[in-house]
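What follows is each chain in one-letter form.
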Amino acid sequence: MKFKSAVYFAEMKPFINDAIEKLANNNPEFEIYTVALWTDANAAVSAISFDSKLNSDEHCRKSNEFNEKQKEYWTSRGDIKMAELFTAHSVRNCNPADFELRNYLKIENRSFPRNWEEKTGGNCWEVLEPVLKEIGEYLFQALINSRMHSDLEVGVNGSLDWYQFTWTKPYSL
């Protein structure tokens, strides 16, 4: 089975609209700080997750505290190379698994087969990444009437990360 981009868009656009509507109806006070949309090329599943500024800040605080402790530990041991691995400071939670509303809505994709990445040796990403970027653009525009933070960011996955390609406000909202 080949990838059917028209089917992907036909399933993903209503999915995105449903997620935004569900969020507005079920969580009207939720202010969207970060949105992550990912498609798993092996599971043939897509999901959308929403994060708040408060959750992101808390996650980053804990991550930065951990990094500082690790940096101090490795520096005290004289392993500067290892200590340098812990110098980055998180300013936004970009891990959809740690979002306040993770996997808020999921969909089984009919536009490609299960184990697509495995069957193609990863070559599926050559086709999927441009489509993910396009659906990310759609998602970003679809949020226009949503309750969002002034520093809104939207991300979609790619071959290298669950949150690889991003759009930030003000984009063209």
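Structure shown above.
Residues numbered from 1 in each chain as written. Predicted model: local features only at pLDDT ≥ 70, side-chain atom pairs only at ≥ 80, totals over all residues. Heavy atoms only, no water.

**Student:** Would you explain the packing of aromatic side chains in this entry?
**Tutor:** Applying the stated criterion across every chain, the model contains 9 aromatic pairs. Ring centres of F50 and Y104 lie 5.5 Å apart, and the angle between their planes is 85 degrees; this geometry places the pair in the edge-to-face category. With F50 in strand β2 (residues 45–51) and Y104 in strand β3 (residues 101–108), this pair connects stretches of sequence that are 54 residues apart. Of the two residues, F50 and Y104, neither departs from the other in class, the shared state being buried. (Phe/Tyr/Trp six-rings, centres within 6.5 Å; stacked < 30°, edge-to-face > 60°. Helix = DSSP H or I, 4+ residues; strand = E, 2+ residues; numbered from the N terminus. Buried < 20%, exposed > 50% of the residue type's maximum accessible area, 1.4 Å probe, protein only.)

**Student:** Got a minute to help me understand the pairing of strand β1 (residues 32–40) in this structure?
**Tutor:** For a regular strand, side chains alternate in direction, first toward one face of the sheet and then toward the other. Most of β1 is tucked away: 8 of the 9 residues are buried. Bridging between β1 and strand β4 (residues 148–156) involves 5 bridges; their strand directions are parallel. Counted as the bridge partner of I32 is M148 from β4. Taken together, the 7 bridges between β1 and β2 define a ladder with antiparallel strand orientation. Looking at β2, one finds that T34 is bridged to D51. Counted along the chain from β1 to the antiparallel partner β2, the turn is 4 residues long, and its residue A44 has a positive phi close to 55 degrees. (Pairing = 2+ DSSP bridges.)

Note that every value here comes from positions in space, so none of it alone points to a role or purpose.
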